[in-house]
Amino acid sequence: MVEYKIDKTDRRILQMLEENARISVKDIAEANFMSSPAVANRIRRMEANNLIKHYYADIDYPSMGYVVKAFINLEVKPEDKSEFYPFIEKIPNVIQCDCVTGDYSMLIQAAYQRPEELDHLVNELQKFGRTKTEIAFSTPIEHRPIPVKTESDDEEDKKED
């Protein structure tokens, strides 16, 4: 498979979609001085190359009663990961699970309505190894888009100036 290289226009399209996944192709096209079919083709190509992986709503979990947001550090031995990954995948309240460096090998973000539900998850996780759980009091910065740029993009921008 040939590596897909994004250009400045692709980056602008990605940035617009990251800021608002519901933006219309027509609005993207107008902002980029392109036709709608040209933008739709670029989006399809980026989806096919997994640059765009998902579209989803950013839901305010506390307003739905999920007021206990926790970050759970879990130590999983490498030989246990093949059992752990399918297990954690099935837990609906797990928002994200990352394999990380440091004293623990997994960082799990979960949201629950009651502390007892979180306690149950932590007890289940302890069959894989030791845990350390932190509960968030507030979230001053929600998920937000980051600039869709690379070092080579900066060099390209300098050439155009």
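The rules behind the values
Throughout, residues of each chain are indexed from 1 in the direction in which the sequence is written. In keeping with the model being predicted, local features are shown solely for residues with a pLDDT of at least 70 and side-chain atom pairs are shown and tallied solely at 80 or more, while totals for entire chains, interfaces and linings include all residues. Side-chain metrics in this entry use all non-hydrogen atoms of the structure; hydrogen atoms and water are not considered. Runs of H or I in DSSP of at least four residues are treated as helices and runs of E of at least two as strands, each being numbered from the N terminus. Only the C-alpha atoms count toward the radius of gyration. The rule for a globule is 2.2 Å times the residue count to the power 0.38. We call a residue buried when its accessible area falls under 20% of the maximum for its residue type, exposed when it is over 50%, and partly exposed in between, using a 1.4 Å probe and counting protein chains only. In what follows, residue pairs with any heavy atoms lying within 4.5 Å of each other are defined as contacts. Only the protein chains shown count as cover for residues, with accessible areas throughout obtained via the Shrake-Rupley method and a probe of 1.4 Å. Neither His nor the chain termini are counted; the positive set is Lys and Arg, and the negative set is Asp and Glu. Taken as the charge location is NZ of Lys, CZ of Arg, CG of Asp or CD of Glu. The criterion for strand pairing is that DSSP finds at least two bridges linking the strands in question. Lines are fitted to the C-alpha atoms to define the axes, a helix being fitted only along its stretch in contact, and any angle between axes, read from their N-to-C directions, falls within 0 to 180 degrees. UniProt positions are given in the numbering used here, feature names are shortened, and annotations may be inferred rather than shown by experiment. Any two rings among Phe, Tyr and Trp, with Trp reduced to its six-membered ring, count as a pair given centres within 6.5 Å; such a pair is stacked if its planes are under 30 degrees apart, edge-to-face if over 60, and tilted if neither. In this scheme, the term charge over a ring applies when either NZ of a lysine or CZ of an arginine sits within 6 Å of the ring centre and within 35 degrees of the ring normal.

Within the protein, the regular secondary structure consists of 6 helices and 4 strands. Over its C-alpha trace the protein gives a radius of gyration of 20 Å, far above what one expects of a compact globule, namely 15 Å for 161 residues. C-alpha extents for the protein along the principal axes are approximately 55 × 35 × 30 Å. Looking at the 161 residues of the protein, the share that counts as buried comes to 30%. Long-range pairs, those at least 24 residues apart, make up 65% of the contacts in the protein between residues at least 6 apart in sequence. As presented, the protein carries roughly 11500 Å² of accessible surface, and 52% of it is formed by carbon and sulfur atoms. Of the charged side chains in the protein, 22 are positive and 31 negative; the average position of the first set lies 3 Å away from that of the second.

In this section: the sheet that holds strand β4 (residues 131-135). Taken in spatial order, the 4 strands line up as β2-β3-β1-β4 in an open sheet, and their pairing is antiparallel. Edge positions in the sheet fall to β2 (94-99) and β4, since each has one partner strand and no second. On average, each strand axis in the sheet is tilted by 15 degrees relative to the strand beside it, whichever way the strands run. Contacts between helix α5 (residues 115-125) and the sheet are confined to β1 (68-74), β2, β3 (106-112) and β4, with β1 contributing the most and set at about 10 degrees to the helix.

Let's shift gears to the UniProt feature "domain: HTH asnC-type" (unreviewed entry) in the protein. In the numbering adopted here, UniProt assigns the feature "domain: HTH asnC-type" (unreviewed entry) to residues 6-67. Helix makes up 52% of residues 6-67 and strand 0%. Its end C-alpha atoms lie 39 Å apart.

We now examine the packing of aromatic side chains. For the coordinates displayed, the defined rule picks out 4 aromatic pairs. Ring pairs connect the aromatic residues F84, Y85, F87 and F128, which therefore count as one cluster. Above the ring of Y104, the side-chain terminus of R130 is found at 4.3 Å from the ring centroid.

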